Amino acid sequence: MRALAERLPREEFFRSGHPLCPGCPGGTLWRLTGKVLGKNSICTVSASCLALPSHVYPSALTTPSLYLSMSTAPAGITGVSAALKVLKRKGRLKTYEPIHIYAISGDGSAADIGMACLSGAAERNDDGIFICFDNEAYMNTGIQRSSCTPLGSWTTSTLKGKTEKKKDLPEIMVAHHIPYVATASMAFPEDYVKKLEKGRDMGCGFKYIHVHSPCPTGWRFPERKTIEVSRLAVECGLWILYEVIYDQYQITYRPKVRRPVEDYLKTQGRFAHLTREDMEKIQRQVEERWQALE
Amino acid sequence: MERGMVTGNYAAAYGVKYARAEVIPVYPITPQTSLMEKIIEFINNGELNAEFVPVESEHTAMAVAIAAEAMGARSFTASSAQGLVYMHEMLFVASGMRLPIVMCIVNRSIGAPNSLLGDLQDSLDIRDASWIQLYAENAQEIMDMVIQAYKIAEDKRVLLPVAICYEGIIISHCMEPVTFLDQQKVNQFLSDYCPDHVLLDPERPTHVQAILTDDAYYMEYKYQQQVAMENAKLVIQEVDQNFENIFGRRYGGLLEAFGTEDAEVVLLTLGSISSTARRVVRDLREKGILIGFVKLRSFRPFPREVLQSLLARLKGVAVIERDASIGSGGVIYTELSSALYMNEPKPKIINYIVGLGGREVTYEALKVLAEKTLWMVKTETTVRPIQWIGVRGLS
């Protein structure tokens, strides 16, 4: 962490005093993203928790951003990058520095309503980095299930726990054969920064980073435990940190001893109703997932 | 200037080329598709320096146009019917952000049942999206209006998106003679798009499209759009005049009218029906019948004042339109009735709903409607104000 603090610029592009809930990992995500992509960056945001700090006046973000709608953050990447290309050709661009284009979107907008838009931008390989802030439900509207809500999780629209599995969006993105796909967690900031830098420095093409984002409000855990819960998800093997460069997989963090999923599940109220069988089922899925990825 | 035969869609593509649009996201849909294909051809052979984006939906098409326009690039898109309806959400974003995007709406009926042919249901459905809507009746007018549209949209008094609407198949796919434009003259008429401030500029960071969580300034934003729409009434006429000064032809701005000074009855219509209705009125006038003609060109802004001054004195107005707001009447009829309501005296307004799903509206049919209206006025007969014409099984 100290090495990271020394390496990243001191300049802040995300101010304090934003309207995110206490304990939200979104603030850390914005802050690190700002430091990596710098002043010459343009962000498009979809309706999500993270649209609030950037688009409710006064904005916490000090770089330009465009809020379009629930589903169209990837189209923002497309439009901005197309405009940059043509303006560059015509000599109408004021700066010669590269401009980094990125989008920030929740799991609901990325995996549900904006799936077609995301898939379209990825398939066209438009130039930009898409960051999915996955808090595993529609948190901004009050904790309704999304396709990224994990099996068994309580939400206000799955009162007895979700009966379906979590949609594996990173794998869907891998299937687009884009230059870069990665998963990340705010409990591993060095890993996130490295991945974002990779995406930034790869040049052209569509890059996708999926950030697991524990939500104290919706997952029912104390707000001081965000990083602990984030870390447990990785240590229990439920959230695997990996990257895929042009279809080549690489696991970027391997827990020394994989802890039982129960350690993670019992920290959160949303899993309070799970039985021993439920947990065993989830444990089996984790084993299968690791096997598949190894 | 060189003349040639082109379809309505190709005419629109030429307009886009002349206007030097820069980012063009379009999703294919009948009957719009040949417009998109022609643009791709222009880009491929180097006649147009633009980025074509093969988007995966119309919703994304408008989102891409918005993002590109916010970067300071001149954007264009086009759609029809279901595609336009699919795009609906983003239309409000474009106008609310005050982005001068131009779109061609190649009018087509909305399903169900599905029809590939044209009526005005699709563009009139987006009535409240704060887009300027101008209707064209032939290839030449489409070509000229795409260029005029950018000039109107980018005017600082306006800064609203503009839709150029024309009926699918009837206009989009019919070959008509046009006079091509001289690019030098177009450049003189419409300069490059260099907005005073680009919305997405790292040197001047702003957060575009604020989320207002309280009462904030939403109402003020909307009032400014209303003012811009009012300003557009003047700007549309100015631009038309300006166009005539350079190219030697004009279209009348908000509307085209003749014979209204001595007429008792006027046929008011828009789009492709105008050409036929104009002929009917001319022929009747030659026989000494006191009838006039109005072609509505601008639906948004709706030219209330001009219509009031032209029509208040008349005895009857026949509004002939290819659309219906089911449960009420024709959309133009409803708007016109509201515009003339406060006038005293005012004409009787009869609404003829015709040609839905692209059903043909012939010279003879329009002539019958004209004569019917004249007879009604002459005999002071009260008739049903809203009439569906040519429905099978109805007498």
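Since we're looking at a predicted model, the values are computed, not measured. The numbering scheme is per chain: residues are counted from 1 as the chain's sequence reads. Lettering for chains starts from A, numbering for ligands starts from 1, and both go in the order in which the items are written. A pLDDT threshold of at least 70 governs which residues receive local features in this predicted model, and a stricter bar of 80 or more applies before side-chain atom pairs are shown or counted, although totals over entire chains, interfaces and linings include all residues.

**As for the overall build of chain B**
Each helix and strand counted, chain B has 13 helices and 16 strands in total. Rg of the C-alpha trace for chain B: 21 Å, near the compact-globule value of 21 Å for 395 residues, within the 12% margin. When burial is assessed residue by residue, chain B has 54% of its 395 residues classed as buried. Residue pairs qualify as contacts under a 7 Å threshold applied to their C-beta atoms, which are placed from the backbone. For chain B, long-range pairs separated by at least 24 residues make up 81% of all intrachain contacts whose partners lie at least 6 apart in sequence. Going along the chain from the N terminus, every DSSP run of H or I of four or more residues is numbered as a helix, and every run of E of two or more is numbered as a strand. The size measure is the radius of gyration over C-alpha atoms, and the globule rule it meets is 2.2 Å times the number of residues to the 0.38 power. Backbone-placed C-beta atoms define the burial measure: a residue is buried with 20 or more other C-beta atoms within 10 Å of its own, exposed with 12 or fewer, and partly exposed in between.

**Section: the overall build of chain A**
What chain A contains, in helices and strands, is 12 helices and eight strands. For 294 residues, the compact-globule formula gives about 19 Å, and the C-alpha radius of gyration of chain A, at 19 Å, lands near that figure. Considering only C-alpha atoms, chain A reaches an extent of 65 × 40 × 40 Å along its principal axes. Here chain A holds 294 residues, and the buried ones make up 52% of them. Contacts spanning at least 24 positions in sequence make up 68% of the contacts within chain A whose residues lie at least 6 apart.

**Some details on the nonpolar core**
All names here are of chain B. Joining buried Ala, Val, Leu, Ile, Met, Phe, Trp, Tyr and Cys residues through C-beta atoms within 7 Å gives a set, and that set is a nonpolar core. By size, the foremost hydrophobic cluster in this structure holds 224 residues, and its most contacted members are I66, A67, M71, V146, V162, I164 and A318. Of the residues forming this core, the biggest block, 10 residues, is contributed by helix α7 (residues 139-154). Domain borders in the structure are assigned automatically or taken from a domain database. Domain assignment of the residues forming this core places at least three in each of domain 1 (3-247) and domain 2 (255-388). Once you skip the residues sitting within four places of it in the chain, A318 turns out to touch V265, L267, L268, I350, Y352, L369, A370 and T373.

**A few points about the sheet that holds strand β11 (residues 265-269) of chain B**
All names here are of chain B. Each pair of strands is called paired provided DSSP finds at least two bridges between the two strands. One open sheet accounts for six strands, arranged β10-β12-β11-β14-β15-β16; its pairing is mixed. Of all the strands in the sheet, the pair left with one neighbour each is β10 (255-258) and β16 (386-388). Here the strands of the sheet are splayed against their neighbours by 20 degrees on average, with no regard to which way each runs. Against the sheet, helix α12 (residues 331-340) makes contact with β12 (291-296), β14 (316-321), β15 (348-353) and β16, and its axis sits at roughly 150 degrees relative to β14, the strand it touches most. With axes taken as lines fitted to C-alpha atoms, and helix axes fitted only over the stretch in contact, angles between N-to-C directions fall between 0 and 180 degrees.

**Observations regarding the domain arrangement of chain B**
All names here are of chain B. Considered domain by domain, chain B is made up of domain 1 (3-247) and domain 2 (255-388). Each of domain 1 and domain 2 has a C-alpha centre, and these two points are 28 Å apart. Taken together, the contact between domain 1 and domain 2 spans 26 residues of the former and 20 residues of the latter. Taken together, the residues of the side of domain 1 that touches domain 2 sort by class into 14 nonpolar, six polar and six charged. Under this grouping Gly is polar, as are all residues other than the nonpolar Ala, Val, Leu, Ile, Met, Phe, Trp, Tyr, Cys and Pro and the charged Asp, Glu, Lys and Arg.

**What to know about the interface of chain A and chain B**
Taken together, the contact pairs 43 residues of chain A with 37 residues of chain B. The set of elements that each furnish at least two residues to the side of chain A that touches chain B consists of β1 (41-45), α3 (51-55), β2 (65-67), α4 (73-89) and α6 (115-123) of chain A. For the side of chain A that touches chain B, the element with the highest residue contribution is α4 of chain A, accounting for 12 residues. When its residues are assigned to classes, the side of chain A that touches chain B shows 20 nonpolar, 17 polar and six charged. Sheet topology places β2 of chain A next to strand β9 (residues 207-208) of chain B; two bridges connect them, and they run parallel. When the sheet's bridge partners are listed, L66 of chain A is paired in β9 of chain B with V208 of chain B.

**Structural notes on the sheet that holds strand β5 (residues 180-185) of chain A**
Taken in spatial order, the nine strands make up an open sheet running β8(A)-β7(A)-β5(A)-β6(A)-β4(A)-β3(A)-β1(A)-β2(A)-β9(B), and their pairing is mixed. With one partner strand each, in any of the chains shown, β8 (248-251) of chain A together with β9 of chain B form the two edges of the open sheet. Most of the contacts of helix α2 (residues 26-37) of chain A go to strand β4 (residues 128-134) of chain A, to which it runs at about 165 degrees, and overall it touches β1, β3 (100-106), β4 and β6 (206-212) of chain A. This element, α4 of chain A, spans β1, β2, β3 and β4 of chain A of the sheet and lies at about 170 degrees to β3 of chain A.

**Some points on the pairing of strand β6 (residues 132-135) of chain B**
All names here are of chain B. Of the two faces of β6, the one lined by I132 and L134 and the one lined by Q133 and Y135 are each fully buried. Two strands pair when backbone bridges link them, and β6 and strand β7 (residues 162-167) are joined in this way by four bridges, in the parallel orientation. Paired with L134 across the two strands is I164, which belongs to β7. Looking down the strands as they point away from the viewer, one classifies a crossover as right-handed if the path from the first strand across the helix to the second runs clockwise. Crossover handedness for the path β6 to α7 to β7: right-handed. Sheet analysis places β6 next to strand β13 (residues 298-300), joined by two bridges and oriented antiparallel. Note that in β13 the partner of L134 across the bridge is S298.

**Thoughts on unusual backbone geometry**
With an omega of 10 degrees, the peptide bond between G111 of chain B and A112 of chain B qualifies as cis. Secondary-structure assignment places A112 of chain B in the loop between β5 (102-107) and α6 (121-125). Put simply, E344 of chain B and P345 of chain B share a cis peptide bond, and its omega is 0 degrees. Mapped onto the secondary structure, P345 of chain B falls in the loop between α12 and β15. At N125 of chain A, a position not held by glycine, the phi torsion is positive, near 55 degrees. Of note, N125 of chain A is situated in the loop between α6 and β4. Phi angles above zero are rare outside glycine, and Q209 of chain B is one such case at about 70 degrees. On the secondary structure map, Q209 of chain B appears in the loop between β9 and α9 (218-247). Judged by the 19 C-beta atoms lying within 10 Å of it, Q209 of chain B is partly exposed.

**Overview of the confidence of the model for chain B**
Within a predicted model, pLDDT stands for the predictor's per-residue confidence, ranging from 0 to 100. In this model, chain B carries a mean pLDDT of 96, and residues with pLDDT of at least 70 account for 100%. The ipTM for the predicted assembly is 0.96, set against a pTM of 0.97.

**Some details on the environment of L238 of chain A**
All names here are of chain A. On the secondary structure map, L238 appears in the loop between α10 (226-235) and β7 (242-245). Once the C-alpha coordinates of L238 and L84 are considered, the two residues, 154 residues apart in sequence, prove to be 39 Å apart. Beyond its immediate chain neighbours, meaning those up to four positions away, L238 contacts A233, V261, Y264 and V286.

**Points about the packing of α4 of chain A against helix α3 (residues 58-70) of chain B**
With their axes 7 Å apart at the nearest point, α4 of chain A and α3 of chain B run at an angle of 45 degrees to one another. With respect to each other, α4 of chain A and α3 of chain B are oriented oblique. Judged by the twist between their axes, the crossing of α4 of chain A over α3 of chain B is right-handed. Two secondary-structure elements touch here, α4 of chain A through A75, G76, T78, G79, V80, A82 and A83 of chain A and α3 of chain B through T60, A63, V64, A65, I66, A67 and A68 of chain B. Residues that form the contact of α4 of chain A with α3 of chain B fall into these classes: 10 nonpolar, four polar and no charged. Throughout this description, any angle smaller than 35 degrees is read as roughly parallel, any larger than 145 degrees as roughly antiparallel, any in the 65 to 115 degree range as roughly perpendicular, and the remainder as oblique. It is the rotation of the near helix from the far one that decides the hand of a crossing: anticlockwise by less than a right angle makes it left-handed, clockwise makes it right-handed.

**Considerations on α9 of chain B**
Side chains three or four residues apart in an α-helix point the same way, a direct result of the helix having 3.6 residues per turn. Residues and elements named next belong to chain B. An expected span of 1.5 Å times one less than the residue number is assigned to each helix. Taking 1.5 Å as the rise per residue, α9 with 30 residues should run 44 Å; its terminal C-alpha atoms sit 41 Å apart, in good agreement. Elements that come into contact with the buried residues of α9 comprise β6, α7, α8 (183-189) and β13. G248 sits one or two positions beyond α9 and adopts a positive phi of about 80 degrees.

**Concerning α10 of chain A**
Along α10 of chain A, the residues classified as buried are T226, V229, S230, L232, A233 and V234 of chain A. Where α10 of chain A is buried, its residues meet β5, β6, α9 (216-219) and α11 (261-265) of chain A.

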